[in-house]
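Remarks on the overall topology
Given next are the chains, with one letter for each unit.
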Amino acid sequence: MGTPLHGVSASPGIVIGTAQLLRWEVPEVPVRVIADEEVPSELARLHAAIAAAVERLQLCKARAEQNAGPAEAAIFDVQVAVLGDEALTGGIEALIRQNLGAEKAVELVFLEWRERFTRSTNPLMRERAGDLVDIEIRLLSILLGLPDGDPVAAGPDGDTILITHDLTPSLTVQLDRSSIRGIATDAGTRTSHVAILARSLGIPAVVGLIDATSRVQTGDRVILDATNGELVLRPTAETVARFADRARQEAAVRSELAAMTTAEAVTTDGVRITLRANVDLPDEVERLTTTGAEGVGLMRTEFLVVGRTAMPTEDEQVAAYRAVLEAFPGQPVVIRTYDVGGDKLPVGGFPHEPNPFLGWRAIRMCLDEPDLFSVQLRALLRAAVHGDVRIMLPLVVGVDEVRQTRSLLREAAAELMRCGVAHRADVPLGIMVETPAAALTAASFADEVDFFSIGTNDLVQYTLAVDRGNAALVTRFTPLHPAVLRLIEGTVRDAAAVSRDCSVCGEMASQPLMAYALLGLGVRTLSVSAAAIPVVKRLIRGVSLGAAGAAARAALQAATAQEAERLLRDALADELGAGVTDGLLGLS
Ligand code: PEP
Ligand code: MG
């Protein structure tokens, strides 16, 4: 049947296509010593390679402009400028004149420059360090005559399945999304940001395949079964037919579920659940308005700063927020302030940290950089004139962080008032509960916040001490662990006691079995990815809160995540029947 590789489903769907291997790593460079008389021709070879690299960058820029917009495409102008820097090219030429082959000369000079940039105290210099890697890969690939691993070269025939080690923001902006049918990566997990991005784009994706890039060749026929997290290499005709059949069945179930768009999210015992959407990229919004989502429960704003060359202006931000608000007139749109750090690096990069997920990220970075944060807060207050904005803070661990933000918000409102700029000063402020600290002390936030939203991706990571992005730990990332369930249950109870809304916007809400557990734990508002809305609505309409509550209470007392999962699955099968349960769980 062809060899299946096993990974993790990041964005469901089954696609059959042609593999396009995208290697974006600094290649191995052999040492080569040249004779004196070869120096002129080696210098000419270097300059020809630089010219070819510049030409490719122009193409990349045009492609990125089309796919991601001019702000994202500006990164390629920076790279062209670096290749024109005489200090850099002069350094390479000097080594060639000392009889070193051009490739080794390039490698040594880039190594020195990267070291220098990474250690710089200037954030703009640190940012250039990432660009230097991209430029070095491009230049060395040309000099070494390696196959063009550039995403621009992805097949035009529309059946490309991209196989790559990891998807970085700079690769993502170059992708021609219209020609890519599926994505498979060695690295990543369901909650890593590559996976979240793939779900937002609606592209089937399997992550965490560990060594797919060394098992697949460009041009291989492959089947990406992103529903089950598998990549089947070089399948037989019979296997292709079997998967094509499954893909058709899955499409049929999905089109049946599409009827859910207009249905109400009401449980069989008559309780209305609010189902909102998560927005990760601005170009998703149009698609979201057709899903029946009741507003936006989490708008991530990192797209404004990750993989860009400059921070967005206040006006640019207002426009981005306003576009979402106008797509959901009269409905709440919860906009999260910058959650950069960890695996999401902003303009200017970050100082190197041994433990980025425990480091200087999210609200910590924002409060330490009030100038940067205040631009975002002003933009949010201005956007609030156009709809029901609610501001949400990520990675909060203490009440003092909310108080500091409130004080910055007051200053932002006062400044807008002074300048006569239209805004609203009464925008609700809430926090993400995504650290055990926030979950255990939720009650003490009562006087400071207007709402809570549980970010289970990070809550699971920090409770179980399991890196959410580490493919090797996937089986240990168990959101149904009783410790996680207890933190959620306690947070929901504390929020209810002080009459504050408490929703869930992490990936747990998008997975039917986990959503069932959340309903049983008392959650009444779920915010999920676009693709999950019909699936989760179908779940809600088939279950009773009475039964979900009993199953969740049993799961809270379970000894292990596996036992909790079994209890919940059995209870769900009792409600929906085994066939529907398997079908629904298979689609998540
Ligand atoms: C979460 O942590 O659950 C969450 C929704 O935020 P993010 O995935 O962006 O960290
Ligand atoms: Mg989070």
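This structure is a prediction, so every number in the text was calculated from the model and none was measured.

What follows is about the packing of helix α18 (residues 512–520) against helix α19 (residues 533–542). Packing of α18 against α19 brings their axes to within 10 Å, and their N-to-C directions diverge by 50°. By the angle between their axes, α18 is oblique relative to α19. Of the two possible hands of crossing, α18 and α19 adopt the one that is right-handed. Packed against α18, whose contacting residues are Pro512, Ala515, Tyr516 and Leu519, the element α19 presents Val535, Val536, Leu539 and Ile540 at the interface.

Quick look at helix α13 (residues 370–383) now. Counted at 1.5 Å a residue, the expected span for α13 with its 14 residues is 20 Å, and the 19 Å between its end C-alpha atoms agrees. With respect to burial, α13 is a largely interior element, 10 of its 14 residues being buried. Those residues of α13 not exposed but buried are Phe373, Ser374, Gln376, Leu377, Arg378, Ala379, Leu380, Leu381, Arg382 and Ala383. On the buried face of α13, the contacting elements are α11 (314–327), β11 (332–336), α12 (362–368), β12 (388–393) and α14 (399–418).

Given two aromatic rings, one states the distance between the centres and the angle between the planes to describe the pair. The full count for this structure, using the stated rule, is one aromatic pair. Sitting above the plane of the Trp113 ring, Arg116 keeps its charged end 5.3 Å from the centroid.

Before going further, it helps to examine the pattern of salt bridges. A side chain with one charge can pair with a side chain of the opposite charge if their charged atoms come near. In this structure the tally under the stated criterion is 34 salt bridges. Salt-bridge contacts for Arg221 lead to Asp159; the nearest nitrogen and oxygen are separated by 3.0 Å. With Arg221 in strand β7 (residues 221–225) and Asp159 in the loop between α5 (123–143) and β4 (160–164), the pair connects residues that are 62 residues apart, well separated along the chain. On the accessibility criterion, Arg221 (41% relative accessible area) is partly exposed. With its nearest N and O atoms 3.9 Å apart, the salt bridge here joins Arg254 to Glu250. With Arg254 and Glu250 both in helix α9 (residues 237–257) and four residues apart, the pair spans about one turn of that helix. Residue classification places Arg254 among the partly exposed residues on the basis of a relative accessible area of 27%. Overlapping salt bridges bring together Glu302, Arg336, Asp339, Arg361, Asp458 and Arg468 as one network.

Another aspect to go through is the coordination of the magnesium ion (ligand 2). The magnesium ion (ligand 2) binds to the protein through Glu434 (OE) and Asp458 (OD), with metal-donor distances spanning 2.0 to 2.2 Å. Remark: Asp458 occurs in helix α16 (residues 456–464) and Glu434 occurs in the loop between β13 (429–433) and α15 (436–440); sequence separation between them is 24 residues. When its relative accessible area of 2% is taken as the criterion, Asp458 is described as buried.

The next thing to look at is the pairing of strand β5 (residues 180–185). Of all six residues making up β5, five are buried, and the element is well covered by its neighbours. Looking at chain direction, β4 and β5 are connected through five bridges and run parallel. Residue Leu162 lies in a different strand from β5, and its bridge partner there is Ile183. As defined by bridge partners, β5 adjoins strand β6 (residues 205–207) across two bridges and the pair is classed as parallel. Counterpart to Ala184 in the pairing with β6 is Val206.

Lining the immediate surroundings of ligand 1 are 16 residues, of which Arg300, Arg336, Gly455, Asn457 and Arg468 lie closest. Arg336 is positioned with one of its side-chain polar atoms (N or O) 2.8 Å from an oxygen atom of ligand 1. Every element with two or more residues in the shell around ligand 1 is listed here: α7 (193–201) and α16. Looking at the shell around ligand 1 element by element, the count peaks at three residues for α16. Grouping the constituent residues of the shell around ligand 1 by class yields four nonpolar, five polar and seven charged. Both domains that meet at the shell around ligand 1, namely domain 3 (262–277 + 432–588) and domain 4 (295–427), each give it at least three residues.

Backbone geometry at Ala362 places phi at a positive 50°, although glycine is not the residue there. With respect to the secondary-structure elements, Ala362 resides in helix α12. A relative accessible area of 0% places Ala362 in the buried class. For Leu395, which is not a glycine, the phi torsion comes out positive at approximately 55°. Assignment of secondary structure puts Leu395 in the loop between β12 and α14.

Criteria and cut-off values
Residues numbered from 1 in each chain as written. Chains lettered and ligands numbered in written order. Predicted model: local features only at pLDDT ≥ 70, side-chain atom pairs only at ≥ 80, totals over all residues. Heavy atoms only, no water. Axes fitted to C-alpha atoms, helices over the stretch in contact; angles between N-to-C directions. Helix = DSSP H or I, 4+ residues; strand = E, 2+ residues; numbered from the N terminus. Parallel < 35°, antiparallel > 145°, perpendicular 65-115°, else oblique. Left-handed = near helix turned anticlockwise from the far one by under 90°. Contact = heavy atoms within 4.5 Å. Expected span 1.5 Å × (residues − 1). Buried < 20%, exposed > 50% of the residue type's maximum accessible area, 1.4 Å probe, protein only. Phe/Tyr/Trp six-rings, centres within 6.5 Å; stacked < 30°, edge-to-face > 60°. Lys NZ or Arg CZ within 6 Å of the ring centre and 35° of its normal. Salt bridge = Lys/Arg side-chain N within 4 Å of Asp/Glu carboxyl O. Donors = N, O, S within 2.8 Å, 3.2 Å for Na, K, Ca; no water. Pairing = 2+ DSSP bridges. Near = heavy atom within 4 Å. Polar contact = N/O pair within 3.5 Å; in protein donor to acceptor, adjacent residues only side chain to side chain. Nonpolar A, V, L, I, M, F, W, Y, C, P; charged D, E, K, R; others polar. Domains from an automatic or database assignment.

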